[in-house]
Amino acid sequence: MEKLCKYGTNRVITPKGILPQAATKIDNNMVIKENELLIDVITLNIDSASFAQIKNACNNDVLLMEEMILGIVAEKGKMQNPVTGSGGMLIGEVKEVGKLFPDQSLKAGDKIATLVSLSLTPLVIKKIKSINLDNDQVHIEGLAILFESGIFARVPEDMDEHLVLAALDVAGAPAQVDKLVKEGDSVVIIGAAGKSGVLCAYQAMKKATSKGKVIGIVNEIEQIQALKELKLCDEVVLADATNAIEVYERVMVVNNGPVDVTINVVNIPNTEMSCILITKDSGIVYFFSMATSFTKAALGAEGVGSDVTMIIGNGYTAGHAELTLNLVNSVPKIKELFEKKYT
Ligand code: NAP
């Protein structure tokens, strides 16, 4: 009898002996093992770095994007962008619960959001119904499997499912900000106008309090007024996050020196040095962006003699889904923003 693995290693086809996230191909046969959960997928939320890469590579052509996404899933058995290595997550309805799957209270028809990456989730796409170019969501007909170790959240009945999907995609970011930022801290959010940007900015303002300062970096002039009106940052600065010197000079003007915490939530590569240059030696850079390069960050920091602590943005931290859904639900200005873009 096949030995079951809670991490899904028995679904790895190549290379053998590794975990599904790092595998180049996994088995997406939709007959579940006893410790797995089968999901009827409604919508995929492709993570922003991956979606931006696919959109650029296809010149915003939706048909080419469909072809590319279908091709990736057909080849890998999962939606893992070969350039960024990242995935996203999904919402769907439970179709079948294996008798050894840990949560036996789930029943067919329950609506859930997976909280593990698409880059390790066995997936079959029967049909792409539509792609929303503005919010990274891909509506499909298809099936997915959650492993025994796979975490998920039930979609609250009183919230729109696509809003829940959008918020939970980046739930790790505001929840980590909650842990990293202290009263009186100066904080920079690079990519503050984005989805995780606004959630992080709100949480940073709350934790730093009026004794601290939260500075948002944005790349479009209209975003300055929007963030200021929403009172999500104390200062908003226009700068290209890939231009480390420009970011450094503009932050020095508004903060009079480097900051305690920098949160990177952009969706493009080559922004490591901006974060490192503007952060104190005793400070923290939190790289949530999936376009972050370990090599560029490590060697870049060494190259400028920075002793900063750098943290990889784990998508999971205890209580992340609750904190994020509660934030979106209880802060009307953020709920409105999310409703406009994601529902
Ligand atoms: P998003 O909504 O697309 O936000 C990204 C923001 O970065 C946008 O406001 C964008 O502005 C801004 N930006 C892009 N280029 C810039 C530049 N040169 N200078 C300044 N700002 C720039 O993305 P998101 O959904 O919040 O995701 C943020 C990041 O987190 C992505 O890299 C995503 O892949 C990653 N992520 C990580 C995890 C994890 O587990 N660590 C989980 C989910 C997502 P414009 O829109 O004006 O271009």
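Nothing here was measured: the structure is a model prediction, and the numbers come from that model. (Residues numbered from 1 in each chain as written. Predicted model: local features only at pLDDT ≥ 70, side-chain atom pairs only at ≥ 80, totals over all residues. Heavy atoms only, no water.)

Describe the domain arrangement of the protein, naming the residues involved and giving the relevant values.
Each assigned domain of the protein is listed here: domain 1 (9–169) and domain 2 (172–337). Inter-centroid distance (C-alpha atoms) of domain 1 to domain 2 is 28 Å. Taken together, the contact between domain 1 and domain 2 spans 17 residues of the former and 12 residues of the latter. Of the roughly 1200 Å² buried where domain 1 meets domain 2, counting both sides, 70% is carbon and sulfur surface. Sorting the residues of domain 1 by area buried against domain 2 places M159, A167 and L168 first, and these three jointly supply 32% of that buried surface. (Domains from an automatic or database assignment. Contact = heavy atoms within 4.5 Å. Buried area = accessible area lost by both parts, 1.4 Å probe.)

Could you give me a rundown of the site of the ligand, with the residues and numbers involved?
Around the ligand sit 25 residues in total, of which D47, S48, S196, V266 and G313 are the nearest. The separation between an oxygen atom of the ligand and a polar main-chain atom of G194 is 3.1 Å. Contact between the ligand and Q223: an oxygen atom at 3.1 Å from a side-chain N or O atom of the residue. When the ligand is considered free in solution it has 940 Å² of accessible area, and contact with the protein chains removes 87% of it. Counting only elements with at least two residues in the shell around the ligand, the list comes to helix 1 (48–57) and helix 5 (195–208). Along the lines of polarity and charge, the residues of the shell around the ligand split into 10 nonpolar, 10 polar and five charged. (Near = heavy atom within 4 Å. Polar contact = N/O pair within 3.5 Å; in protein donor to acceptor, adjacent residues only side chain to side chain. Areas by Shrake-Rupley, 256 points an atom, 1.4 Å probe, with all protein chains shown as cover. Helix = DSSP H or I, 4+ residues; strand = E, 2+ residues; numbered from the N terminus. Nonpolar A, V, L, I, M, F, W, Y, C, P; charged D, E, K, R; others polar.)

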